[in-house]
Amino acid sequence: MIRRCAVLFLAALLPLSAGAGQAQAAGYRYWSFWERDGSAWTYATVGPSLARPADGDVQGFRFSVSEDSGDAAKPRGTAGFDTICARTPAKDGTKRVALVIDFGTPADAPSGEKPPAGRTACAQVAEDATTAEALASVAEPLRYDSNALLCAITGYPAKGCGEQVATGGKESSPAETPETAETAEEASAQDDGGSGPSVGLIAGAAAVAVLGAAAVWQVRRRA
C-alpha cells in the first residue's frame, strides 16, 4: 500500500515539473550566419566581421527565433555559386562571394514588421575582404550593436537586436547575444543574490508537501 501511494505521489508530481520547464522556454530573435559546403549549411564558427571567405564560397544569413545554434533555422534555397554569380565575371585582384539572405517567416518577425522576400547576391570584393564587407557591398544598410552582433540587413528589422522572445512569440528582456545571454532563471538567481529559492521552487515545494500529506493520510486511513 505504501509503495502504491508513493507511485501515485510521483505521478502527480511529474506534470508539475514538466509545466515548470515549459514555462521557462525562450529563444532569441537574431540573424544567424552560415557557410555552405556543397549542399549542406553549417553554422559559422566566427562572426561575419572576422570571416574571410575565398573566391567561390557560398555564405548565408537567416533571420529567425531560436534557442541556440543547435536549433537555428538554416537559409532556404538551393541556388549555388555558379547560379548566383553567373553574371559576375572573375576579375583580377577581387573575389566573388555568393550570398543567400533569408529574411525568415512572419512568425519570426518583430511586432508590426513583415519580412522581405529572400534574395541572393554575388558580392565582388577585394581578395582580403571579410564577409561583413561583402554583405555591405550588396545589402546595405546594415546595423550592428556595440558587441558587433549583426542586427539588421537592408534595414530589416527596423529595431531590436538579439532580443529574448518567450514562448508564444512575446518579447521579454533584451539579450547580450544569442549565445551568451542569461536565461530568465539565471537572472532571477542573480537578482536574489543567489541566496534564496525562486517562486517556482517555492510553489513546487508546496505542491510536494500537499501531495506527501495526502499520501500519508491514505496510508493511515487504510491501515
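First things first, this report covers the structure right here in the doc.

What counts and how
Residues numbered from 1 in each chain as written. Predicted model: local features only at pLDDT ≥ 70, side-chain atom pairs only at ≥ 80, totals over all residues. Heavy atoms only, no water. 1 Å grid on protein atoms, 1.4 Å probe; cavity = no way out; pocket = protein on both sides within 12 Å on 5 of 7 lines; lining within 4 Å. Points joined across faces, edges and corners; volume = space filled by probe spheres on them. Helix = DSSP H or I, 4+ residues; strand = E, 2+ residues; numbered from the N terminus. Salt bridge = Lys/Arg side-chain N within 4 Å of Asp/Glu carboxyl O. Buried < 20%, exposed > 50% of the residue type's maximum accessible area, 1.4 Å probe, protein only. Patch = residues over 30% accessible without salt bridge, like charges linked within 9 Å, V, L, I, M, F, W, Y side chains within 5 Å. Areas by Shrake-Rupley, 256 points an atom, 1.4 Å probe, with all protein chains shown as cover. Lys, Arg positive; Asp, Glu negative; His and termini not counted. Charge placed at Lys NZ, Arg CZ, Asp CG, Glu CD. Polar contact = N/O pair within 3.5 Å; in protein donor to acceptor, adjacent residues only side chain to side chain. Phe/Tyr/Trp six-rings, centres within 6.5 Å; stacked < 30°, edge-to-face > 60°. Disulfide = S-S within 2.5 Å.

**Examining empty space enclosed by the protein**
All chains considered together, the criterion is met by 1 cavity of 30 Å³ or more. R29, F63, G160, C161 and G162 are, among the 13 residues lining the largest cavity, the residues nearest its centre. Of all the secondary structure elements, the ones that give two or more residues to the lining of the largest cavity are β1 (26-37) and β7 (150-152). Ranked by residue count, the leading element in the lining of the largest cavity is β1, at 3 residues.

**Overview of the pattern of salt bridges**
The full count for this structure, using the stated rule, is 4 salt bridges. Note that D55 is salt-bridged to R96, the shortest N-O span being 3.8 Å. You can see D55 sitting in the loop between β2 (40-43) and β3 (58-66) and its partner R96 sitting in strand β4 (residues 94-102), a full 41 residues away along the chain. On the accessibility criterion, D55 (43% relative accessible area) is partly exposed. Between R76 and D102 there is a salt bridge whose closest N-O contact spans 2.7 Å. Here R76, found in the loop between β3 and α2 (81-84), pairs with D102, found in strand β4; they are 26 residues apart in sequence, far enough to count as distant. Taking relative accessible area as the criterion, R76 reaches 46% and is therefore assigned partly exposed. Linked through salt bridges whose partners overlap, the residues forming this network are R62, R76 and D102.

**Things to note about a negative patch on the surface**
A surface patch of like charges, here negative, comprises D92, E127, D128 and E133. In this structure, D92 sits in the loop between α2 and β4. Judged by relative accessible area, D92 falls into the exposed class, the value being 78%.

**Focus: the environment of Q164**
With respect to the helices and strands, the residue Q164 is situated in strand β8 (residues 163-166). What makes Q164 buried here is its relative accessible area of 6%. Separated by 138 residues in sequence, Q164 and A26 place their C-alpha atoms 6.8 Å apart. Only 3.4 Å separates the side chain of Q164 from the side chain of Y28, close enough to count as a polar contact.

**Re the packing of aromatic side chains**
Taken as a whole and assessed by the stated rule, the structure comprises 6 aromatic pairs. Ring geometry for F103 and Y156: centres 5.9 Å apart, planes at 75°, overall edge-to-face. With a gap of 53 residues between them, F103 in the loop between β4 and β5 (119-126) and Y156 in the loop between β7 and β8 connect regions that are remote in the sequence. There is no split in this pair, since F103 and Y156 are both buried. Ring pairing ties together the aromatic residues W31, F63, F103 and Y156, which thus form one cluster.

**As for the state of the cysteines**
Summed over all chains, the structure comprises 2 disulfides. In this model C85 forms its disulfide with C122; the gap between the sulfur atoms is 2.1 Å. Its S-S torsion of about 105° marks the bond between C85 and C122 as right-handed, since a negative value means left-handed. Linking C85 in the loop between α2 and β4 with C122 in strand β5, this pair joins segments that are 37 residues apart in sequence. For C85, a relative accessible area of 3% puts it in the buried group. Each bonded cysteine of the protein chain gets a number by its place in the sequence, and the pairs then read 1-2, 3-4.

**Considerations on unusual backbone geometry**
Looking along the chain, the bond that leaves E140 and enters P141 is cis, with omega of 0°. You can see P141 is positioned in the loop between α3 (131-136) and β6 (143-144). Cis rather than trans, the peptide bond between Y156 and P157 has omega equal to -5°. Note that P157 resides in the loop between β7 and β8. The backbone phi angle of A148 is positive, close to 65°, even though this residue is not glycine. Considering the arrangement of structural elements, one finds A148 in the loop between β6 and β7.

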